[in-house]
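Understanding the architecture of this molecule
Listed below are the residues making up each chain.
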Amino acid sequence: MSINTEEFYSILASKMEGSVIREILKLVQNPEVVSLAGGMPDPATFPVEDIKKITQKVLSKNSARALQYSTTEGLPELRRCILDYLAKDGNNGELENIIISSGSQQGLDLVGKVFLNPGDIAIVELPSYLAALNAFHSYGGELAGVPMDDEGMQMDILEEKLTQLKNEGKKVKFIYTISNFQNPAGVTMSLARRKKIIEIAHKFNVFIVEDNPYEKLRFEGEPIPSIYSLDNNGFVLSLGTFSKILCPGLRLAWVLGNKDIISKMAILKQATDLCTSILTQIIAYEYCKSGKLEENIRSNIQIYKRKRDVILNALDKYFPQEVTWTKPQGGFFVVATLPEYIDTGEMFKEAIEEKVAYVPGGPFFADGKGKNTMRLSFCYPSVEDIDEGIKRLGKVIKKRIKN
Ligand SMILES: Cc1ncc(COP(=O)(O)O)c(C=O)c1O
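Residues numbered from 1 in each chain as written. Predicted model: local features only at pLDDT ≥ 70, side-chain atom pairs only at ≥ 80, totals over all residues. Heavy atoms only, no water.

This part takes up the pairing of strand S2 (residues 98-101). Residues Ile98 and Ile100 line one face of S2 and the alternating positions Ile99 and Ser101 line the opposite face, and both faces are buried. Strand direction decides the pairing type here: S2 and strand S9 (residues 253-256), joined by four bridges, are antiparallel. In the sheet register, Ile100 faces S9, and the bridge partner there is Trp254. (Buried < 20%, exposed > 50% of the residue type's maximum accessible area, 1.4 Å probe, protein only. Helix = DSSP H or I, 4+ residues; strand = E, 2+ residues; numbered from the N terminus. Pairing = 2+ DSSP bridges.)

Read from one edge of the open sheet, eight strands run S2-S9-S8-S7-S6-S3-S4-S5, paired in mixed fashion. In this open sheet, the two strands that pair with only one neighbour each are S2 and strand S5 (152-153). Pairing analysis gives four bridges linking strand S7 (residues 207-211) to strand S8 (residues 236-241), with the strands arranged parallel. Residue pairing across strands places Asp211 opposite Leu239, the latter belonging to S8. The sheet strands contacting helix H10 (residues 259-273) are S2, S7, S8 and S9, and the helix crosses S2 at an angle near 30°. (Contact = heavy atoms within 4.5 Å. Axes fitted to C-alpha atoms, helices over the stretch in contact; angles between N-to-C directions.)

Here we take up the UniProt feature "domain: Aminotransferase class I/classII large" (unreviewed entry) in the protein chain. UniProt's entry tags residues 37-393 with the feature "domain: Aminotransferase class I/classII large" (unreviewed entry), counted in the numbering of this structure. The straight-line gap between the two end C-alpha atoms of residues 37-393 is 12 Å; of that span, 44% is helix and 16% is strand. (UniProt positions renumbered as here; feature names shortened; annotations may be inferred.)

Our focus in this paragraph is the nonpolar core. The biggest cluster of nonpolar side chains holds 101 residues, and the ones touching the most others in it are Phe242 and Leu376. Broken down by element, the residue count for this core peaks at ten residues, all from helix H12 (residues 293-318). Among all residues touching Phe242, those that are not within four sequence positions of it are Leu78, Ile82, Cys247, Leu252, Ala253, Trp254, Ala284, Cys288 and Leu293. Residues Leu110, Ala122, Ala132 and Leu143 belong to the second largest nonpolar core, which totals 24 residues. (Core = buried A, V, L, I, M, F, W, Y, C linked by side-chain atoms within 4.5 Å.)

Take helix H7 (residues 155-167) next. Taking 1.5 Å per residue as the helical rise, H7 with its 13 residues ought to reach 18 Å, and the 18 Å between its terminal C-alpha atoms agrees with that figure. Those residues of H7 lying buried are Met155, Leu158, Leu162 and Leu165. The buried residues of H7 occupy one face: seen down the axis, they fall within an arc of 85°. Facing away from the buried side of H7 by more than 90 degrees, the exposed set consists of Asp156, Glu160 and Asn167. Summarising the contacts, the buried residues of H7 are in contact with strand S3 (121-126), strand S4 (142-149), S5, strand S6 (172-177) and helix H8 (191-204). Gly169 sits one or two positions beyond H7 and adopts a positive phi of about 80°. (Expected span 1.5 Å × (residues − 1). Arc of directions from axis to C-beta.)

With that settled, the discussion passes to the state of the cysteines. For the coordinates displayed, the defined rule picks out zero disulfides. Of the cysteine sulfurs around Cys247, a residue in no disulfide, the closest is that of Cys288, at 11 Å. By relative accessible area, Cys288 is classed as buried at 16%. (Disulfide = S-S within 2.5 Å.)

Summed over all chains, the structure comprises two cavities of 30 Å³ or more. When its volume is computed, the largest cavity comes out at roughly 160 Å³. Taken together, 16 residues form the lining of the largest cavity, with Leu86, Asn212, Glu215, Gly240 and Trp254 sitting closest to its centre. Of all the secondary-structure elements, those providing two or more residues to the lining of the largest cavity are helix H4 (76-87) and S8. Of all the elements, S8 adds the most residues to the lining of the largest cavity, at four residues. Residues that form the lining of the largest cavity fall into these classes: six nonpolar, six polar and four charged. Looking at the second largest cavity, its volume works out to about 30 Å³. For the lining of the second largest cavity, the leading source of residues is strand S14 (residues 373-377), giving three residues. For the lining of the second largest cavity, a count of residues per class yields six nonpolar, two polar and one charged. (1 Å grid on protein atoms, 1.4 Å probe; cavity = no way out; pocket = protein on both sides within 12 Å on 5 of 7 lines; lining within 4 Å. Points joined across faces, edges and corners; volume = space filled by probe spheres on them. Nonpolar A, V, L, I, M, F, W, Y, C, P; charged D, E, K, R; others polar.)

This paragraph deals with the side chain of Asn91. Along the polypeptide, Asn91 turns up in the loop between H4 and S2. Here Ser226 takes part through its side chain, which lies 2.5 Å from a polar atom of the side chain of Asn91. If sequence neighbours within four positions are ignored, Asn91 has contacts with Leu83, Leu86, Ser226, Tyr228, Ser229 and Leu256. (Polar contact = N/O pair within 3.5 Å; in protein donor to acceptor, adjacent residues only side chain to side chain.)

Glancing now at the pairing of S7. Among the five residues that make up S7, four are buried, leaving the element largely enclosed by the rest of the structure. Relative to S7, S6 is paired through four bridges, and the arrangement is parallel. Bridge pairing in S7 places Ile175 opposite Ile208.

Below, the discussion takes up the domain arrangement of the protein chain. Looking at the protein chain, the domain boundaries give domain 1 (5-46 + 295-400) and domain 2 (49-289). Just the C-alpha atoms count here: the centres of domain 1 and domain 2 sit 24 Å apart. Here domain 1 and domain 2 share an interface that buries about 2,700 Å² over both sides, 67% of which is from carbon and sulfur atoms. On the domain 1 side of the interface with domain 2, the three residues burying the most area are Ile297, Gln329 and Phe364, jointly 22% of the side's total. Applying the counting rule to domain 1 against domain 2 returns one salt bridge. Glu220 is the salt-bridge partner of Arg308, the closest N and O atoms lying 2.8 Å from each other. Inspection of the region where domain 1 meets domain 2 yields nine residue pairs in polar contact (both at pLDDT 80 or more). Elements with a contribution of two residues or more to the side of domain 1 that touches domain 2: helix H1 (11-15), helix H2 (20-27), H12 and strand S11 (333-337). (Domains from an automatic or database assignment. Buried area = accessible area lost by both parts, 1.4 Å probe. Salt bridge = Lys/Arg side-chain N within 4 Å of Asp/Glu carboxyl O.)

Have a look at this one:
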């Protein structure tokens, strides 16, 4: 006897396919392959000894609380700590404005859950973070893409798109943007565009979801105020995470914004996981209280800046002149654009034969374009591997270039 699982799937489960990135990561298990594919933080940035000490202390002094259930909104002292940290950059809020989530990925899922009915529209950047697109899709949301240039999302096109969708009677619920060192493009939205996007959101009466995991990982240039800090009308939800500044294994992040939306998120989160792990929340709280977070961020910046320099140098050295790429001032990613006639999805097999991996750009584009682009992550591999990986990839691309 066997059961035909296909017959039992919900419409959603039948529709959803595994992420391309996860499939690729399976292919690159071979240790000889240099992977520029995954966006994992460098383990050298994890403060292992501090976390060990704190965990031991928490479990010996406070185990009854640390191993118990907790409130859905999250530990008040951790929320307060995050609020103080965010307020330093003008991102103000009270306890009722913040909820702890199990990673920003859960925050994105809650955004989809709170806002999207089947057929509702989420505006996204072209390209954008694949797992966010999947989260929005999973609630039946439709995605409308707006292209970016080196100042981020193009506001004239955004305005045209919103006008067009309104005329078609479509309901746009929010604009999703990764304002700093975008995943995948590495691009940062300029101050003028941040002000403009708020103006547009007010005019068309839509929310802005500002996903900001990389903001603190700035290697050079002046920090730009967040969109959240520039808006005084509760139109912006800001997502932040400990994943890139501390470690992703704690699965801790937050959503800051309009108190009504936050309280709705708490209700919806109950159906998902009741609460985020209180053990990891206490650990993160103790870590933040010790004042070491800022120090850890400073040392992370040194590590990632060096890697960014190495990848940009290697791209100059090994990539053919027909290829262009973004030059991020922070974060984890570069996007390279190849001549139109090269499909990076098709080329992937050749790259694996040459023992190098990347993520083909197509899936990041909600409009089905971008097949000639690729995401290159410089966060995880060693500096030697980054240089070697780009060298191998340069060889693969050169074979495809038409004279
Ligand atoms: C833009 C963006 N948003 C959200 C996430 C999810 O992060 P978390 O580990 O907090 O779930 C990532 C992770 O790579 C990301 O790049």
